[in-house]
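# Overview (structure and organization)
Chain by chain, the residues run as shown.
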Amino acid sequence: IITVRELADILKVPPNQVMAELLKRGILATINQTIPAEVAVSIAEGMGFLAEIKSVEEKIDQEEEEEPSENLQPRPPVVVVMGHVDHGKTTLLDAVRKTNVAEREKGGITQHIGASVVELPDGRKITFLDTPGHEAFISLRARGAQVTDIAVLVVAADDGVMPQTVEAINHARAFNVPIIVAVNKIDKPGADPQRVRRELSELGLIPEEWGGDTIFVDVSAKTGQNIDQLLEYILLLADLLELKADPTKRAKGTIIESKLDKQKGVVATVLVQEGTLYVGDIFVAGTTYGRVRAMTDDKGRRLKSAGPSTPVEVLGFEDLPMAGDTFKVVPDEKTARQIAEARRLQKEQLEKVSRGLALEEVFKKIQ
Ligand code: GTP
Ligand code: MG
């Protein structure tokens, strides 16, 4: 629901033009009167607004498509850690971070931004999503966001395959993400890593050493044993996947998480997936937009730019974006505002329709 004045504001036309359009549809409305969303959308469409916006967005996308990716360069893999409750996902992420040179040198504490970058002594990097594995798939992937390249499946060697282990495998398979198995807790007396291999083989994850194509690494997140080996295997798989991106393009990515901070305002973690994001860039994210006022990395360091596979905390959003929203840099603020407003209007229309449908269902049941 929207008032005549609001619609006129969005369309950037005088209110009486909207009133004239309403009259054509047999609706006599005053400036502060609300009009149904579908009428608003129909008017917007009638004025060529949505069509124009769509074409604006399509034109930008086409330009991007036509811009040849001549500068494809290897990018770090984006990894999600999944597994059954208490099998050691969080402890494993902690162990992985301890191998991080930057952090070891500075003795700093990783601030929580939903993703962290681990840098090995030779400079190679891996981006880990800190969002619990299932959420990373359900909330991010369900919304069409393709964010992860590799899934690390943690299975406790003293517990074996459990219901959420199977669930995790199904998620990874549904989204076609290759799995590396980390057989965890091998320091424990009751640990039986071979049993984990047998159980997972039955589910189709056959270890390489048995002639299959799944990498298994026996680790202890607690003692740190073989964590470096796990990281090596992740990078090996990343090489095989030939993960590449063009850092010279305008940035594109996905919102990993967002929150409203009392001091800073809207704060969102963006995973840059294509191109390079710069301070000052104007962007659209879901139904909102903004300009990058400041960027910090997962270690809390100020950045001027962020390339592919880099998670960054971004300030400068007009409104709160949602996890899973796409993020893209556009040429100017007018374009950003137009795309965001058109998307908002379309979303409103969709919500209205779905509410209408839900009501219809209720009526059917009463009758
Ligand atoms: P949820 O987030 O609740 O699903 O659990 P999680 O998978 O993150 O497990 P978490 O890392 O919290 O570990 C659960 C328990 O197992 C903790 O008490 C850890 O200290 C312990 N643990 C994790 N890894 C190891 C390991 O390699 N060896 C031993 N002995 N204990 C471990
Ligand atoms: Mg945990």
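Every value quoted in this text rests on a predicted model; they were computed, and no experiment measured them.

Our next topic: unusual backbone geometry. Phi is positive for D86, close to 70 degrees, though the residue is something other than glycine. Here D86 is to be found in the loop between β4 (78–83) and α5 (89–98). A positive phi angle, close to 50 degrees, is found at E242, a residue other than glycine. Within the secondary structure, E242 sits in the loop between α10 (227–241) and β10 (244–245). E242 gets classed as exposed once you look at its relative accessible area, which sits at 56%.

What follows covers the confidence of the model for the protein chain. Model confidence for the protein chain is summarised by a mean pLDDT of 85, while 81% of its residues fall at 70 or above. Long-range and interchain partners of residues 104–110, a stretch whose pLDDT sits below 50, account for 8 contacts in this model, where long-range means more than four residues apart. Reported confidence for the predicted complex is 0.98 by ipTM and 0.81 by pTM.

What follows concerns the site of ligand 1. Taken together, 15 residues surround ligand 1, and among them K89, T90, T91, D187 and A221 come closest. Measuring from an oxygen atom of ligand 1, one finds a backbone N or O atom of D86 at 3.0 Å. Contact distances for ligand 1 include 2.9 Å between an oxygen atom and a backbone N or O atom of A221. Top contributing element to the shell around ligand 1 by residue count: α5, with 3 residues. Class assignment for the residues of the shell around ligand 1 results in 2 nonpolar, 7 polar and 6 charged.

Formed by 27 residues in total, the largest nonpolar core has its most connected members in L92, F128, V152, I180, L230, L231 and I234. Breaking this core down by element, the ones donating at least two residues are β4, α5, β6 (125–129), β7 (150–156), β8 (179–184), β9 (215–218) and α10. Here this core gets 7 residues from one element, more than from any other, and that element is α10. Formed by 18 residues, the second largest nonpolar core is a distinct cluster that contains A151, V161, V177 and I179.

The terminal C-alpha atoms of helix α8 (residues 163–174), which comprises 12 residues, lie 17 Å apart, in line with the 16 Å expected from a rise of 1.5 Å per residue. Of the residues making up α8, those classed as buried are T165, A168, I169, H171 and A172. The buried residues of α8 all sit within an arc of 160 degrees when viewed along its axis, so they share a single face. Of the exposed residues in α8, those oriented more than 90 degrees away from the buried face are P163 and A174. Following α8 by one or two positions, N176 has its phi on the positive side, about 60 degrees.

Burial along strand β14 (residues 282–285) is two-sided: I282 and V284 and F283 and A285, pointing in opposite directions, are all buried. By the bridge criterion, 4 bridges tie β14 to strand β15 (residues 288–296) in an arrangement that is antiparallel. The residue of β15 that forms the bridge with I282 is R291. As consecutive antiparallel partners, β14 and β15 are separated by 2 residues, and within that stretch G286 has a phi angle of approximately 55 degrees, a positive value. In terms of strand pairing, β14 meets strand β19 (residues 326–330) through 4 bridges, oriented antiparallel. In the strand pairing of β19, V284 is matched with K328.

Within the fold, T254 resides in strand β11 (residues 252–261). A distance of 2.8 Å separates polar atoms of two side chains, one belonging to T254 and the other to Q273.

Inspection of every chain in the model, using the stated rule, returns 15 salt bridges. Measuring nitrogen to oxygen at the nearest pair gives 2.8 Å for the salt bridge that ties D122 to R124. We note a salt bridge from D218 to R197, for which the minimum N-O separation is 3.1 Å. Here R197 lies in helix α9 (residues 193–202) and D218 lies in strand β9, a separation of 21 residues in the sequence. Given the relative accessible area of 3%, R197 is considered buried. In the salt-bridge network here, residues are joined through shared partners; they are E21, K24 and R25.

Procedures and definitions
Residues numbered from 1 in each chain as written. Chains lettered and ligands numbered in written order. Predicted model: local features only at pLDDT ≥ 70, side-chain atom pairs only at ≥ 80, totals over all residues. Heavy atoms only, no water. Helix = DSSP H or I, 4+ residues; strand = E, 2+ residues; numbered from the N terminus. Buried < 20%, exposed > 50% of the residue type's maximum accessible area, 1.4 Å probe, protein only. pLDDT = per-residue confidence, 0-100. Contact = heavy atoms within 4.5 Å. Near = heavy atom within 4 Å. Polar contact = N/O pair within 3.5 Å; in protein donor to acceptor, adjacent residues only side chain to side chain. Nonpolar A, V, L, I, M, F, W, Y, C, P; charged D, E, K, R; others polar. Core = buried A, V, L, I, M, F, W, Y, C linked by side-chain atoms within 4.5 Å. Expected span 1.5 Å × (residues − 1). Arc of directions from axis to C-beta. Pairing = 2+ DSSP bridges. Salt bridge = Lys/Arg side-chain N within 4 Å of Asp/Glu carboxyl O.

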